[in-house]
Amino acid sequence: MTDTAETSSVQERPPQVDTGGRRAVRRPGWMQIAVACACAVLGFLMVAQVRATESVGERLAAEREEDLARILSELTAQSDRLQSEITELRLTLVEYETSAEAEELALRSLERRYDDLRVLIGAVTAEGEGVIFTIDDPGRLVTQDLLVDTVQELRDAGAEAIAVNDQRLVTSSAFSTRNERLLLDRRPLQPPYRVAAIGPADTMEVALGIPGGAIDALQVLPEVTAEVEKRSELTVPAASDSPAFVYATPVDPEESATD
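Predicted model only: the values in this text are computed from it and were never measured.

**Digging into helix H5 (residues 201-209)**
An α-helical turn contains 3.6 residues, so a residue and the one three or four places further along point in the same direction.
Working step 1: Buried within H5 we find Ala201, Met204, Ala207 and Leu208. End-on view of H5: buried residues confined to an arc of 130°, all on one side of the axis.
Working step 2: For H5, the elements touching its buried residues are strand S1 (126-136), helix H4 (144-156), strand S7 (193-198), helix H6 (214-219) and strand S8 (225-236).

As structure tokens, this is what we get:
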């Protein structure tokens, strides 16, 4: 029985032999080395801490009461200085955090303002609730003044983006007439005129329908009809051309401040 057990053990664990026929020696891995080093360092620190504590205790036991009072006073003063430094560092950290939050708020405000300006000049497509004001004019009796008044009433009611027949109105847009044909920014407008306005739909609907307002002024004309449709979601396209300024140029804020 003993011989069989020994033979079985040899068969399960064959000896490792290198290329020269000798038994290979198993070397410790890097994990074992790291654990051993960590244990050694920890042991050294514990011994050093114990010795330092014993040394301080022995030194304090040998001191006189006057020296102990002086040491306590020095430790108290040092503790106060450290506490003061901690307070200053915390205040500095709060100041930095507050400054970072203020800069972030200012950045978000500028981004919102930038987006608003892009909508205002028609540089981007706008979407939101609004109304579609359809003017049917088979006899082409609607004048440019009536369209201007209609657009102005919508703006007074809070319209933020307006397009007529999918042509975006910007700050420099203008209606005109040529050969009895209405033009918007020198482009012909064909009836029916579809005025899409993004803004408070209820307010704009009421503004267009007030007595003497846009609807009344348009429906006085023969065969002209006007209808308002509220939309919860409405899209107004971007302007096809960016406004070109011929005479106006931007002024450097620093130069204007020194003038």
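Once the structure has been displayed, the description carries forward.
**Some words on H4**
Working step 1: The terminal C-alpha atoms of H4 lie 18 Å apart, and with 13 residues this matches the ideal 18 Å at 1.5 Å per residue to within 8%.
Working step 2: For H4, the set of buried residues is Leu146, Leu147, Thr150, Val151 and Leu154. Seen from one end, H4 has its buried residues packed into an arc of 135°, which puts them on one side. Exposed residues lying more than 90 degrees from the buried face of H4 are Asp145 and Asp156.
Working step 3: Following H4 by one or two positions, Gly158 has its phi on the positive side, about 110°.

**With respect to the sheet that holds strand S4 (residues 175-178)**
Working step 1: Across the sheet, three strands lie side by side as S4-S5-S6; this open sheet has antiparallel pairing. The open sheet has two free edges, formed respectively by S4 and strand S6 (187-188), since each of these has just one partner strand.

**A look at the side chain of Gln167**
Working step 1: In this structure, Gln167 sits in strand S3 (residues 167-168).
Working step 2: The exposure class of Gln167 is buried, given its relative accessible area of 12%.
Working step 3: In this view, Gln167 contacts Ile162, Leu184, Asp185, Arg187 and Leu189; residues no more than four positions away in its chain are not counted.

**Quick notes on the pairing of S1**
Working step 1: Two strands pair when backbone bridges link them, and S1 and S8 are joined in this way by 10 bridges, in the antiparallel orientation. Each bridged residue has a counterpart across the sheet, and for Thr134 the counterpart in S8 is Glu227.
Working step 2: Alignment of S1 against S7, held across six bridges, turns out to be antiparallel. In the sheet register, Phe133 faces S7, and the bridge partner there is Val195.

**Comments concerning the pattern of salt bridges**
Working step 1: Under the defined criterion, the tally for this structure stands at four salt bridges.
Working step 2: The salt bridge partner of Arg194 is Asp166, with a shortest N-O separation of 3.7 Å. Linking Arg194 in strand S7 with Asp166 in the loop between strand S2 (161-164) and S3, this pair joins segments that are 28 residues apart in sequence.
Working step 3: Note on Arg194: relative accessible area 33%, which makes it partly exposed.
Working step 4: Here Asp202 and Lys230 are joined by a salt bridge, their closest N and O atoms 2.7 Å apart. Of the two residues, Asp202 is situated in helix H5 and Lys230 in strand S8; the sequence distance between them amounts to 28 residues.
Working step 5: Judged by relative accessible area, Asp202 falls into the partly exposed class, the value being 48%.
Working step 6: Taken together, the shared-partner salt bridges connect Asp202, Glu205 and Lys230 into one network.

**Regarding a nonpolar patch on the surface**
Working step 1: The grouping of Leu117, Leu120 and Ile121 at the surface amounts to a nonpolar patch, some 240 Å² of accessible area in total.
Working step 2: Its location among the elements puts Leu120 in helix H3 (residues 65-120).

**Digging into unusual backbone geometry**
Working step 1: With an omega of 0°, the peptide bond running from Pro191 to Pro192 counts as cis.
Working step 2: For Pro192, the location among the structural elements is in the loop between S6 and S7.
Working step 3: Phi is positive for Glu180, close to 60°, though the residue is something other than glycine.
Working step 4: Mapping Glu180 onto the fold places it in the loop between S4 and strand S5 (181-184).

**Things to note about the sheet that holds S1**
Working step 1: Ordered by their spatial adjacency, five strands build an open sheet running S3-S2-S7-S1-S8, and the pairing between neighbours is antiparallel. Of all strands in the sheet, those with a lone pairing partner are S3 and S8, marking the two edges.
Working step 2: Contacts from H5 reach S1, S7 and S8, with the element oriented near 20° to S1.

**Concerning the side chain of Arg168**
Working step 1: The residue Arg168 is located in strand S3 in this model.
Working step 2: Here Arg168 occupies a buried position and makes no salt bridge, while the nearest side chain of opposite charge, Glu160, is found at 8.9 Å.

**What to know about the confidence of the model for the protein chain**
Segments scoring low in pLDDT should not have their predicted coordinates read at a detailed level.
Working step 1: Averaged over all residues, the pLDDT of the protein chain equals 77, while 68% of them reach at least 70.
Working step 2: No element of the protein chain has a lower mean pLDDT than helix H1 (residues 2-12), which averages 41, and none a higher one than S7, which averages 96.
Working step 3: Low pLDDT, under 50, characterises residues 1-25; the stretch is placed with eight contacts to residues that sit more than four places away or in other chains.

Here is what the cut-offs are and how they apply
- Residues numbered from 1 in each chain as written.
- Predicted model: local features only at pLDDT ≥ 70, side-chain atom pairs only at ≥ 80, totals over all residues.
- Heavy atoms only, no water.
- Buried < 20%, exposed > 50% of the residue type's maximum accessible area, 1.4 Å probe, protein only.
- Helix = DSSP H or I, 4+ residues; strand = E, 2+ residues; numbered from the N terminus.
- Arc of directions from axis to C-beta.
- Contact = heavy atoms within 4.5 Å.
- Expected span 1.5 Å × (residues − 1).
- Pairing = 2+ DSSP bridges.
- Salt bridge = Lys/Arg side-chain N within 4 Å of Asp/Glu carboxyl O.
- Patch = residues over 30% accessible without salt bridge, like charges linked within 9 Å, V, L, I, M, F, W, Y side chains within 5 Å.
- Areas by Shrake-Rupley, 256 points an atom, 1.4 Å probe, with all protein chains shown as cover.
- Axes fitted to C-alpha atoms, helices over the stretch in contact; angles between N-to-C directions.
- Lys, Arg positive; Asp, Glu negative; His and termini not counted.
- pLDDT = per-residue confidence, 0-100.

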